[in-house]
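Understanding the architecture of this molecule
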Amino acid sequence: MENYNEIKINFEKFINTFKTDDNDLEFRKKSFANFISKGFPISRDENWKYSPLVQDLKKFSHLNNKKTGINALPNALKENFDHYSIIFVDGVLILTDINDTGLVIKKNNSFLKSVKKAGENPILNLNNAFADQGYLIELSSNTILTRPIVIYNYFSKNFLSSFCSSKNFILLNEKSNVVVYEKTIYDSSIEYLITSNTEIFLAKGSKLKKYDLNCNNKHSTIFNFVKANLDENSELEYFTFSENINSCRDESIINLNGKNCFANVNAIQLLRNNCNHEIKLQINHNEEHTKSSQFVKSALYDSANAIFQGKIFVDSKAQKTDGYQLSRALLLSDNVKFFSKPELEIYADDVKCSHGSSSGSVDEESIFYLRSRGISKEDAKMMMINGFLGEVIEKITEDKFKNIFFNKLDHYSNHD
Amino acid sequence: MIDIKNLRASVDDKEILKGLNLKIGKGEVHAIMGPNGSGKSTLSYVLSGKEGYNVEGEIKFNKKNLLELNAEERAREGIFLAFQYPIEIPGVFTNNFLRTSLNSVRKANGKAELNAIDFLKIVKEKAKELNIGEEMLSRPLNVGFSGGEKKRNEILQMSLLEPSFVVMDETDSGLDIDALKIVSNGVNSLRDPERSFLIITHYQRLLNYIKPDFVHVLSDGKIVKTGDWKLALDLEDEGYGQFIN
C-alpha cells in the first residue's frame, strides 16, 4: 500500500494555514484519517469496480492544492442572457455576495453545516479534508426566481495546481423555485484532480432544475458528488451533459424523503478518443408515494469508455413508489466499452419499478431509409446519433436550456 | 428511362433475382405482381441501392449505370422507393428530416437549398393535399404513426422530392379503403409524362385506383409474363399457381 507521505505533508501544511474553528479542524482531520486508512479506491471495491478513477488516481500521490494567481473569467465565456453568476477561476471562488429579494448567494465559509459523519467514500473524505472553496445558494420561502443562476467553473491556461476541491450548498425553502446552470470550461493543459461536493436541500413544495454542462476536458480527473434531500411535494430535475471528458465520475445520492416528491434525472455521455465517464446514481425512496425517473444515453466513439451504475432503493415503508430507469448506449466503434449495472433493491411490496439497459450500434435499416431520401451516409448517421441523444434533451422542461443543449449537440456534430 | 438487363441478386449464396429483364419508358406505369418470395421486395431494394446484396447484370437509368451509384446518389438522380414498412426513427423530427432530404437532393442538382420558412410553406401545402396534419410533421419520423399515416408520409416525401422514377413496394398493404384512396389520389396527381412508376403489389386492388400501362408477373426471380392491366384481373381470378413450378 502506498504511504501517501506527500499528501500527508500537504494536508499538514494546509490545515496549519487554513483559518477555521476547532470543530471544523477536527472534522477535516477525521476525514483525512479516514482517507489515509483506506487510501485511494481500488477495483476490488464493488462501488469502484468499473470506475476510470481507480487507475487515474494513482497519478495524484503528490497532490498539491496550492492556489494560482488571480485570473478572471473571459467575457466571451459569459452567457448572454440575464442571470446571476457564481464564478470559480482555477478552483478559486470569485463572488460578490448577492442578496436579492428572497435570494442569498454567498461564499460558503461555514463548512461545518455539512454532514460531519465520517464517510465511507474515500474521495469524499479527501474532499471533506481539503475543500476550502464553495458557494451557498439559499432561497427563502415562496421565492420564484425568473433569472437563472449560472455557475462557471473555469480552469485557465495559468492553472498550476494539481488539486482543487469545493463544497457547495443549495438550499431551497418551502415553495421556492430556481434554475441552476453549471458549466465547466477547461483551458488548462496540466494533469489535475478536481473534487466537488454539492449538497441540495429541497423543502416542501420547492423545485430545483439543475443543468450541468461538462465538456472538452483532456487532462483532468474529476469527481463530482451530489447529494440531494427532497421533502414533500418537492421536485428535482437534474440533467448532465458530459462530452469528451478525460476521466470523470459523477456520483449522486438522491433521498426522496417526503410524500409526492419527484426526482427526474437525465444524462448524456458523448465520448470520443480515450475519454472515460462514469455515472453512479443512487435514488433512495424513503417515503411512500415518491417518484423517480432515470434516463441515460451514451454515444461512444473511438476507444471511449462509459459506465452507468444506477440503483433504485425502495425502503419497506415506501409503498406506492414509482421508479423508472433506462440506459441506452450506442457503440460506434469496435474499441469502445460500456459497462452498465442497473440495480433495484426493493423492500416494499406495492411498488412500480422498471429498469432497462441496452447497447448496440446504429440501426442499418434506418440508415438506408435516410440514404434512400438523398441524405449522405455520414449525415444519416449523424442524424441518428443526434436523434438518439436528443431524446434526453427533450426531457428538459426549460425551453431556453433545451435550446442551449440542442445547439451544443448540433455544434458538436458539425465540428468533429 | 430505365433498362434492366439480366439482373441477378443474391444474399449469402441464395439467389433471389435470377436474370430479370425489364424496360420502363418515360411516363409509363408498370406493375409487378407475384407470389410471396418471388423477389419483389429484393427488386425494389436492388433498384434503390440497399447494401448487402450481390448484384450482377445491368441497370441503365437515363444512360447512367445505376449499379455504380450508392443509395443517396440514386435518390439524388431521381429514384424514389416508397417503403412497404417505413422505418420509425425516434428523436429525428419529421420536418427536420424532410428538409434535410429535400435540400440534399436540391444541392446535388445544383439548386439552392431552402431555408426553414420557404420549406415550411411548401411542405404545409403538400401535406394538406395528403390530409397530413401539421402536428404529424412535428413528431419524430414515423414514430407512433398509424399504417395509413406512414404511407401518406411516404407519398409526401415523393411529392417533395419530385423523383423521375418511383418504385412503390406494396404501398397498399395495411391500408383501409379511405387511406388507399388518399394514397392513390396522391400518386395519380404525381403522374407525369416525365415520371415513371414501378408498382409492386400482391393484389389487383391498388391497380383499380392507379391504372398501369403494363403488368408483369414475377416468379422465382424472373418476369414470366407481361401484359396490359387486364392481366391483373386474370391473376385475381386464377391466382399465381400457374406460374409456380
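Described below are features of the structure shown in this document. (Residues numbered from 1 in each chain as written. Chains lettered and ligands numbered in written order. Predicted model: local features only at pLDDT ≥ 70, side-chain atom pairs only at ≥ 80, totals over all residues.)

1. With respect to the overall build of chain B
A tally of helices and strands in chain B yields 9 helices and 12 strands. Here chain B has a C-alpha radius of gyration of 18 Å; the compact-globule value for 245 residues is 18 Å, and the two agree. Each principal axis of the C-alpha atoms in chain B carries an extent, and together these give about 55 × 40 × 35 Å. Buried positions account for 43% of the 245 residues belonging to chain B. Contacts in chain B between residues at least 24 apart in sequence constitute 71% of all its contacts with a sequence separation of at least 6. (Helix = DSSP H or I, 4+ residues; strand = E, 2+ residues; numbered from the N terminus. Rg over C-alpha atoms; globule rule 2.2 N^0.38 Å. Buried ≥ 20, exposed ≤ 12 C-beta atoms within 10 Å, placed from the backbone. Contact = placed C-beta atoms within 7 Å.)

2. Examining the overall build of chain A
Along the backbone of chain A there are 7 helices and 18 strands. Compactness check: chain A gives a C-alpha radius of gyration of 21 Å against a globular reference of 22 Å for 416 residues, within 12% of the reference. With the C-alpha coordinates aligned to their principal axes, the bounding extent of chain A is approximately 70 × 45 × 45 Å. Counting all 416 residues of chain A, 48% fall into the buried class. In chain A, of all internal contacts separated by at least 6 residues, the share reaching a separation of at least 24 is 84%.

3. Side note on the nonpolar core
Ranked by internal contacts, the top residues of the largest apolar core, which has 162 residues, are Leu300 and Leu389 of chain A together with Ile199 of chain B. With residues near it in sequence (within four places) discarded, leucine 300 of chain A still touches Leu271, Ala306, Ala329, Leu330, Leu331, Leu332, Val336 and Phe338 of chain A. Core analysis: the next-biggest nonpolar cluster, separate from the first, contains 6 residues, Phe88, Phe155, Phe159 and Tyr186 of chain A among them. (Core = buried A, V, L, I, M, F, W, Y, C linked by C-beta atoms within 7 Å.)

4. Quick word on the environment of lysine 26 of chain B
All names here are of chain B. Structurally, lysine 26 is set in the loop between β2 (14–24) and β3 (29–33). Overall, lysine 26 belongs to the partly exposed group, with 14 C-beta atoms counted inside 10 Å. Separated by 61 residues in the primary sequence, lysine 26 and isoleucine 87 have C-alpha atoms spaced 29 Å apart. Aside from chain neighbours lying at most four places away, what touches lysine 26 is Met1, Pro193, Glu194 and Ser196.

5. Description of the sheet that holds strand β12 (residues 222–227) of chain B
Residue and element names in this part refer to chain B. Spatial strand order, β6-β9-β10-β3-β11-β12: 6 strands in an open sheet with mixed pairing. Either end of the sheet is taken by a strand with one partner, and the two such strands are β6 (79–82) and β12. Averaged over all adjacent pairs, the angle separating strand axes in this sheet is 20°, with direction ignored. Two elements, β3 and strand β11 (residues 214–219), share 4 bridges in a ladder whose sense is parallel. By the bridge assignment, histidine 30 is partnered in β11 with phenylalanine 214. (Pairing = 2+ DSSP bridges. Axes fitted to C-alpha atoms, helices over the stretch in contact; angles between N-to-C directions.)

6. Here's the deal with the pairing of strand β1 (residues 84–89) of chain A
Residues and elements named next belong to chain A. Pairing analysis gives 6 bridges linking β1 to strand β6 (residues 149–155), with the strands arranged parallel. Counterpart to serine 85 in the pairing with β6 is valine 150. Count of turn residues in the β1/strand β2 (residues 92–94) antiparallel hairpin: 2 residues, of which aspartate 90 carries a positive phi of about 50°.

7. Things to note about the interface of chain B and chain A
In this complex, chain B contributes 20 residues to the contact, which on the side of chain A involves 18 residues. Of all the secondary structure elements, the ones that give two or more residues to the side of chain B that touches chain A are α2 (71–77), β7 (89–93), α3 (94–108) and α6 (147–161) of chain B. With 5 residues, α3 of chain B is the largest single contributor of residues to the side of chain B that touches chain A. Residue composition of the side of chain B that touches chain A, by class: 11 nonpolar, 6 polar and 3 charged. (Nonpolar A, V, L, I, M, F, W, Y, C, P; charged D, E, K, R; others polar.)

8. Some points on the sheet that holds strand β4 (residues 54–61) of chain B
Residues and elements named next belong to chain B. Here we have 4 strands laid out as an open sheet, ordered β2-β1-β4-β5, and antiparallel in their pairing. Whereas interior strands pair on both sides, the edge strands pair on one side only; in this sheet they are β2 and β5 (64–65). The pairing of β4 with β5 spans 2 bridges and is antiparallel. Paired with phenylalanine 61 across the bridge in β5 is lysine 64. Contacting β1 (2–11), β2 and β4, helix α1 (residues 40–48) crosses the sheet at an angle of about 70° to β2.

9. Observations concerning helix α5 (residues 364–371) of chain A
Since one α-helical turn is 3.6 residues long, residues separated by three or four positions face the same way. Counting buried positions along α5 of chain A yields 6 of 8 residues, so the element is predominantly enclosed. Of all the positions in α5 of chain A, only Ser366, Ile367, Phe368, Tyr369, Leu370 and Arg371 of chain A are classed as buried. Turning to α5 of chain A, the residues buried within the fold contact α6 (377–393) of chain A together with α2 and β7 of chain B.

10. What to know about unusual backbone geometry
Residue and element names in this part refer to chain A. Residues other than glycine seldom take positive phi values, yet aspartate 90 does so here, at roughly 50°. A positive phi angle is found at histidine 289, which is not glycine, with a value near 55°. Residue classification places histidine 289 among the partly exposed positions, given that 16 C-beta atoms sit within 10 Å.

11. Some points on the environment of asparagine 244 of chain A
Residues and elements named next belong to chain A. Examined against the element boundaries, asparagine 244 turns out to sit in strand β11 (residues 235–256). Note on asparagine 244: 20 C-beta atoms within 10 Å, which makes it buried. Sequence separation between asparagine 244 and asparagine 214 is 30 residues; the distance between their C-alpha atoms is 8.4 Å. For asparagine 244, the contacting residues outside a window of four places in its chain are Cys215, Asn216, Asn217, Leu271, Arg272 and Cys275.

12. Some remarks on the packing of α5 of chain A against α6 of chain A
Residues and elements named next belong to chain A. Closest axis-to-axis distance for the α5/α6 pair is 9 Å, and the angle between their directions is 125°. The orientation of α5 with respect to α6, classified from their angle, is oblique. Considering only the axes of α5 and α6, their crossing is right-handed. Facing Ser366, Ile367, Leu370 and Arg371 of α5, the residues of α6 in contact are Lys377, Ala380, Lys381, Met383 and Met384. Across the contact of α5 with α6, the residue classes break down as 5 nonpolar, 1 polar and 3 charged. (Parallel < 35°, antiparallel > 145°, perpendicular 65-115°, else oblique. Left-handed = near helix turned anticlockwise from the far one by under 90°.)

13. Some words on helix α4 (residues 122–130) of chain A
All names here are of chain A. In terms of burial, α4 is largely enclosed, as 9 of its 9 residues are buried. Every buried residue belonging to α4 is among Pro122, Ile123, Leu124, Asn125, Leu126, Asn127, Asn128, Ala129 and Phe130, and all of these are buried. The inward-facing, buried residues of α4 abut α1 (5–17), α2 (22–38), β7 (163–172), β9 (193–202) and β10 (207–230).

14. As for the pairing of β12 of chain B
Residues and elements named next belong to chain B. Here β11 runs beside β12; their pairing, made up of 5 bridges, is antiparallel. Paired with valine 217 across the bridge in β12 is lysine 225. In textbook terms, the turn of a hairpin is the stretch between consecutive antiparallel strands, and for β11 and β12 this stretch comprises 2 residues, one of which, aspartate 220, has a positive phi near 50°.

Interpretation in functional terms is not warranted from these geometric data alone.
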